[in-house]
Amino acid sequence: MPSPIRIAITGAAGQIGYSLLFRIAAGDMLGNDQPVILQLHDIPESEDKLQGVVMELQDCAFPLLSGTIASTDPMQSFNQADIAILVGARPRAKGMERKDLLTANGEIFSAQGRVLNQVAKREVKVLVVGNPANTNTYITMRNAPDLSPSNFSAMLRLDHNRALSQAAMKLEQPVGNIKKMIVWGNHSSTQLPDLTHAEINGQRIIDLIHDAPWIENYFIPTVQDRGAAVIEARGLSSAASAANAIINHMRDWIFGTKENDWTTMGVLSDGSYGVPEGVFFGFPVICQDGLCRIVQGLEITPSYQDKLNITYQELLEEQNAIRHLLP
Ligand SMILES: NC(=O)C1=CN([C@@H]2O[C@H](COP(=O)(O)OP(=O)(O)OC[C@H]3O[C@@H](n4cnc5c(N)ncnc54)[C@H](O)[C@@H]3O)[C@@H](O)[C@H]2O)C=CC1
Ligand SMILES: O=C([O-])CC(=O)C(=O)O
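Residues numbered from 1 in each chain as written. Chains lettered and ligands numbered in written order. Predicted model: local features only at pLDDT ≥ 70, side-chain atom pairs only at ≥ 80, totals over all residues. Heavy atoms only, no water.

In the nomenclature of an unreviewed UniProt entry, the protein chain corresponds to Malate dehydrogenase from the organism Nitrosomonas halophila. UniProt lists a comment for the protein chain under the heading Sequence similarities (unreviewed entry), and it reads "Belongs to the LDH/MDH superfamily. MDH type 2 family." According to the UniProt record, the Catalytic activity (unreviewed entry) comment for the protein chain reads "(S)-malate + NAD(+) = oxaloacetate + NADH + H(+)". (UniProt positions renumbered as here; feature names shortened; annotations may be inferred.)

1. Some details on the overall build of the protein chain
On a plain count of helices and strands, the protein chain comes out with 11 helices and 14 strands. Rg of the C-alpha trace for the protein chain: 19 Å, near the compact-globule value of 20 Å for 327 residues, within the 12% margin. A total of 327 residues make up the protein chain; the buried ones form 56% of that total. In the protein chain, once contacts between residues fewer than 6 apart in sequence are set aside, the share between residues at least 24 apart is 73%. Surface accessibility of the protein chain: about 14,000 Å² in total, with carbon and sulfur atoms responsible for 50%. (Helix = DSSP H or I, 4+ residues; strand = E, 2+ residues; numbered from the N terminus. Rg over C-alpha atoms; globule rule 2.2 N^0.38 Å. Buried < 20%, exposed > 50% of the residue type's maximum accessible area, 1.4 Å probe, protein only. Contact = heavy atoms within 4.5 Å. Areas by Shrake-Rupley, 256 points an atom, 1.4 Å probe, with all protein chains shown as cover.)

2. Brief notes about the site of ligand 1
Surveying the vicinity of ligand 1 reveals 26 residues, the closest of which are Gln15, Asp42, Ser46, Arg90 and Asn131. Backbone polar atom of Gly11 to a nitrogen atom of ligand 1: 3.5 Å apart, as the coordinates give it. Within the contact set of ligand 1, an oxygen atom lies 2.6 Å away from a side-chain nitrogen or oxygen of Ser46. For ligand 1, the protein covers 87% of the area, taking 870 Å² as the surface of the free molecule. The set of elements that each furnish at least two residues to the shell around ligand 1 consists of helix H1 (15–26) and helix H4 (102–119). A per-class count over the shell around ligand 1 returns 12 nonpolar, 12 polar and two charged. Summarising the domain contributions, the shell around ligand 1 has at least three residues from each of domain 1 (5–154) and domain 2 (156–321). (Near = heavy atom within 4 Å. Polar contact = N/O pair within 3.5 Å; in protein donor to acceptor, adjacent residues only side chain to side chain. Nonpolar A, V, L, I, M, F, W, Y, C, P; charged D, E, K, R; others polar. Domains from an automatic or database assignment.)

3. Describing the pairing of strand S14 (residues 291–294)
Inspection of the sheet shows strand S13 (residues 280–288) paired to S14 by four bridges, in the antiparallel sense. Looking across to S14, one finds that Gln288 is bridged to Leu291. (Pairing = 2+ DSSP bridges.)

4. Structural notes on the UniProt feature "domain: Lactate/malate dehydrogenase N-terminal" (unreviewed entry) in the protein chain
Here, the residues flagged by UniProt with the feature "domain: Lactate/malate dehydrogenase N-terminal" (unreviewed entry) are residues 6–145. Note that residues 6–145 is 41% helix and 19% strand, and that its end C-alpha atoms are spaced 22 Å apart.

5. Quick notes on the packing of aromatic side chains
Given two aromatic rings, one states the distance between the centres and the angle between the planes to describe the pair. Within the structure shown, the criterion is met by six aromatic pairs. Summarising the aromatic geometry, the rings of Tyr18 and Phe22 are spaced 5.5 Å apart at their centres and angled 75° between planes, so their arrangement reads as edge-to-face. Linking Tyr18 with Phe22, this pair stays in helix H1, spanning four residues, or about one helical turn. Assessed through its relative accessible area of 44%, Tyr18 is described here as partly exposed. For Phe22, a relative accessible area of 17% puts it in the buried group. Between Phe281 and Phe283, the aromatic rings sit 5.0 Å apart at their centres with planes inclined by 45°, giving tilted as the arrangement. Classification of Phe281 by relative accessible area gives buried; the value is 0%. Phe283 gets classed as buried once you look at its relative accessible area, which sits at 0%. (Phe/Tyr/Trp six-rings, centres within 6.5 Å; stacked < 30°, edge-to-face > 60°.)

6. Regarding the site of ligand 2
Every residue lining ligand 2 is accounted for by Arg92, Arg98, Asn131, Leu158, Arg162, His187, Gly227, Ile231, Ser237 and Ser238. Separating an oxygen atom of ligand 2 from a side-chain N or O atom of Arg98 is a distance of 2.9 Å. Within the side chain of Ser238, a nitrogen or oxygen atom sits 3.3 Å from an oxygen atom of ligand 2. For ligand 2, whose free accessible area comes to 260 Å², the fraction covered by protein is 93%. When its residues are assigned to classes, the shell around ligand 2 shows two nonpolar, five polar and three charged.

7. Some words on the side chain of Ser272
Mapped onto the elements of the fold, Ser272 is located in the loop between strand S12 (263–268) and S13. Discounting chain neighbours no more than four positions away, the residues touching Ser272 are Phe283, Ile294 and Gln296.

Written as structure tokens, this is what we have:
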């Protein structure tokens, strides 16, 4: 058996945590022969709840779970972490946009960035989930100057999975056959779900759908607003699907994306596709050997380029609002 991998998870007592920890401990993220140590973090107000979750983890007797640490001290939770999944933050309620959470949540990520900088492994992979995810990733990265920007990514995988499922339902085909979906930009309602490059069994989906109004008036807004629709229906934000997306995201990052496919991750922009450098932006990426690179050379229509600019501008506004949280 390989030595255990240390996984720090913040907000572990919350609803995403409850859908996530048991799957990781069962081997869904790192495989059936990889032991893990869960380093669970939450705030003092949630300490009792966190202890309850730890009891349940013990009661599962997971063979791969070689240790569990539950702490309200990030120095302890992030210590020597190989992976850090930053979920802990306030969720939005009905009627809010995710960026309305910036004031409540931004500070969490500057503090946690500083601690990661001090005590996590230098090659730690940090996935930021707490909203607004792209800008919180930026705050975390900027507060951890000794770690490479490539150690950080923002979660757009839930949007990517939502887009895959909507396309599969329209085509009445298995979702697993669809490749090369993209969700560009911010994890917000300005994101651009893009199936113009997507394929099913080697054929371009747009050649099969032939329904531009469906794409413009149903597919794009349904994916953009899905988080709000779930909140409206459940009274709570997506949790099981978010946990599943975390597992998908980390698996692809660590083990690589599938051949002839890519995934969507929020990574630091480098000027690709006319998106100026310096924002965490949903791009199509191919991962190999633990490194992810932005897929190059895709054709973007002028109308989609305008939409990329809208979501970029929103990210810029978010960044301007959090300047005080940067060193
Ligand atoms: N990027 C994405 O695709 C998605 C992001 N989210 C976001 O994930 C976050 C968590 O969502 P839920 O689990 O549903 O919320 P929740 O309210 O059920 O749980 C949040 C947990 O975080 C803890 N917490 C609060 N401040 C913290 C801090 N400073 N350090 C550590 N833990 C802290 C709380 O005590 C609570 O246990 C929210 O911001 C939500 O909007 C949710 C779904 C998808
Ligand atoms: O919509 C929300 O607030 C939660 C979230 O990020 C999502 O479900 O995509």
